[in-house]
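# Structural description and commentary
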Amino acid sequence: MSVTTEAAASDLHVSQFESLTAPDTLCRGLPASSMVASVVERGRAEIAGVLSGADPRLLVIVGPCSVHDPDAGLDYARRLAELADSLADDLVVIMRSYFEKPRTTVGWKGLINDPHLDGSHDIGTGLELARRFLLDVGELGLPTATELLEPITPQYVADLISWAAIGARTTESQIHRQLASGLSMPVGFKNATDGDVGLAVDGAVAAGRPQSFLGIDGNGRAALVRTTGNPDAHVVLRGGRSGPNYGSGPVAMAAERAAQAGVRPRVVVDASHANSGKDHRRQAVVVNELADQIGAGDDNIGGVMMESFIVGGAQPLDVTAGRQLTYGQSVTDACLSWETTAELLPRLARAGRERIRRR
Ligand SMILES: O=C[C@H](O)[C@H](O)COP(=O)(O)O
Ligand SMILES: C=C(OP(=O)(O)O)C(=O)O
């Protein structure tokens, strides 16, 4: 009888396995205070209220494309917390706190994957930094939003997050749909990169159902995960290769498709990505047009997403160059400047108020 030895047949292209701290250990070491826990809970409830139509306000998910420097991210969060507070009658403001970047081919994959921005991929430190950041933002009274990419990450951070995205590159992935079905916060499915909205609707349908799949538990052990389904899965329109989809026509069509499929008809519209051609100046134009649509009474738009940081635009990140980076400027997609953001948020608040008046 011939025996194939495991050593000869497996892991031919794996150079190392490195154990990580179990999720429960990290969470116990960096627990949520009662203040943070109530901010997370409030954020989730308010978002669910907006998506169901029970809360008449407009949801705004705004913040950097990616957090690469937690100090600058927190500096941004302080400014946003103050502004969000002043607009709370009209807007539910959630801060984009993105630590995982899905790449078209290759590139920096975010703070969790490569926290030192040098290709050393110290994921253990990345998970800890992400958790610390979410705790710090929560202490400011600001709920957070993130994209969930690696199916293991949520065990380390999801208790601190009020809204999650399944991105355009993973919206058709069964693994991500199953994951979303067990998450405790509303989850937005982005339309696919080619612009296909049907895949996002399918994602929201699958996430709304009970699922059973492979995952890990809080101790980091392989587990059979059984979920009950996420009642607040919805669609996020981000444009695609076929063009933008933030106009009232595509928005109405997406809302109708969602309603027909039995998922929340209200959508979030991402003003960035393919809706702005990743041009931050164009993003401001899109937000203004969305404000016009909302002010005119478009009730299908539950929320607006914006990519914004302290300094406008973006800078290249060459992980081998060790170059000095500009403080507060994105190293992934181009972002609106803080100054422009501080003009656009009140504009959205006025539009939201006008929409309520028209009802
Ligand atoms: O939001 C960020 C980017 O659009 C996404 O990560 C893809 O980026 P890439 O096409 O530069 O890889
Ligand atoms: C990667 C992102 O978006 P999308 O999945 O729409 O490309 C993002 O919002 O950071």
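Residues numbered from 1 in each chain as written. Chains lettered and ligands numbered in written order. Predicted model: local features only at pLDDT ≥ 70, side-chain atom pairs only at ≥ 80, totals over all residues. Heavy atoms only, no water.

### Focus: a negative patch on the surface
Keep this limit in mind: In this scheme, patches are assembled from residues that exceed 30% relative accessible area and form no salt bridge. Like charges are connected within 9 Å, while nonpolar side chains (Val, Leu, Ile, Met, Phe, Trp, Tyr) are connected within 5 Å. Method for areas: the Shrake-Rupley scheme with a 1.4 Å probe, in which residue coverage is limited to the protein chains shown. By definition, a salt bridge exists where a carboxyl oxygen of Asp or Glu is found within 4 Å of a side-chain nitrogen of Lys or Arg. We count Lys and Arg on the positive side and Asp and Glu on the negative side, and we leave His and both chain ends out. Lysine's charge is taken at NZ, arginine's at CZ, aspartate's at CG and glutamate's at CD. Helix and strand assignments come from DSSP, with helices taken as H or I runs of at least 4 residues and strands as E runs of at least 2, each series counted from the N terminus.
Together, E172, D194, D196 and D202 make up a negatively charged patch on the protein surface. Tracing the backbone through its elements, the reader meets E172 in the loop between β4 (163–166) and α7 (174–182).

### Side note on the site of ligand 2
Filter applied, for reference: The nearness test applies per residue and asks whether one of its heavy atoms lies within 4 Å of the molecule or strand. In protein, a polar contact requires one atom able to donate a hydrogen and another able to accept it; more generally it is a pair of N or O atoms within 3.5 Å, and residues adjacent in sequence count only if both atoms are side-chain atoms. Classification convention: Asp, Glu, Lys, Arg as charged; Ala, Val, Leu, Ile, Met, Phe, Trp, Tyr, Cys, Pro as nonpolar; all other residues, Gly among them, as polar.
Lining the immediate surroundings of ligand 2 are R96, Y98, K101, P102, E147, G167, A168, R169, K190, R238, H273 and E307. Within the side chain of K101, an N or O atom sits 2.6 Å from an oxygen atom of ligand 2. The side chain of R238 places a nitrogen or oxygen atom 2.7 Å from an oxygen atom of ligand 2. Burial of ligand 2 by the surrounding chains reaches 97%, relative to a free accessible area of 290 Å². Residues of the shell around ligand 2, tallied by class, amount to three nonpolar, two polar and seven charged.

### Things to note about the layout of surface pockets
Heads up, the rule is: Throughout, the protein atoms alone are placed on a 1 Å grid, and a set of points is a cavity if a 1.4 Å probe fits but cannot get out or a pocket if it is open with protein on both sides within 12 Å along at least five of seven lines; lining residues have an atom within 4 Å of a point. Grid points are joined across faces, edges and corners, and a volume is the space filled by probe spheres set on the points.
As a volume, the largest pocket reaches approximately 750 Å³. Lining the largest pocket are 29 residues, and of these E18, L20, I123, E150 and I152 sit closest to its centre. Of the residues in the lining of the largest pocket, the class split is 12 nonpolar, 10 polar and seven charged. The computed volume of the second largest pocket comes to approximately 430 Å³. As for the second largest pocket, its lining consists of 20 residues, and the residues nearest its centre are P151, P154, Q155, L179 and F213. Listing elements by their share of the lining of the second largest pocket, those giving two or more residues are α6 (154–157), α7 and β6 (212–216). Looking at the lining of the second largest pocket residue by residue, the class counts come to 12 nonpolar, six polar and two charged.

### A look at helix α8 (residues 198–208)
Our working definition: Exposure is judged per residue with a 1.4 Å probe applied to protein chains only, and the accessible area is read against the type maximum: over 50% gives exposed, under 20% gives buried, and values in between give partly exposed. Contacts are assigned to residue pairs with any non-hydrogen atoms lying within 4.5 Å of each other.
Judged by how many residues are buried, α8 sits mostly within the fold: nine of 11 residues are covered. Those residues of α8 not exposed but buried are G198, L199, A200, V201, G203, A204, V205, A206 and A207. Against the buried residues of α8 lie α7, β5 (187–190), β8 (233–237) and α9 (248–261).

### Observations regarding the packing of helix α10 (residues 280–295) against helix α11 (residues 338–358)
Our working rule: Between N-to-C directions, angles cover 0 to 180 degrees, with each direction set by a line fitted to C-alpha atoms, over the stretch in contact for helices. Oblique is the label for any angle not covered by the other classes, which are roughly parallel (under 35 degrees), roughly antiparallel (over 145) and roughly perpendicular (65 to 115). Crossings are classed by handedness, with left-handed meaning an anticlockwise turn of the near helix from the far one by less than a right angle and right-handed meaning a clockwise turn.
It is at 7 Å that the axes of α10 and α11 come closest, and there the two elements cross at 15°. Here α10 is positioned roughly parallel relative to α11, judged by the angle of their axes. Taken as a pair, α10 and α11 cross one another with a handedness that is left-handed. When α10 is examined against α11, the residues A284, V287, N288, A291, D292, I294 and G295 are found in contact with a partner set consisting of T340, L344, R347, L348, A351, G352, E354, R355 and R358. The class makeup of the residues in the contact of α10 with α11 is seven nonpolar, four polar and five charged.

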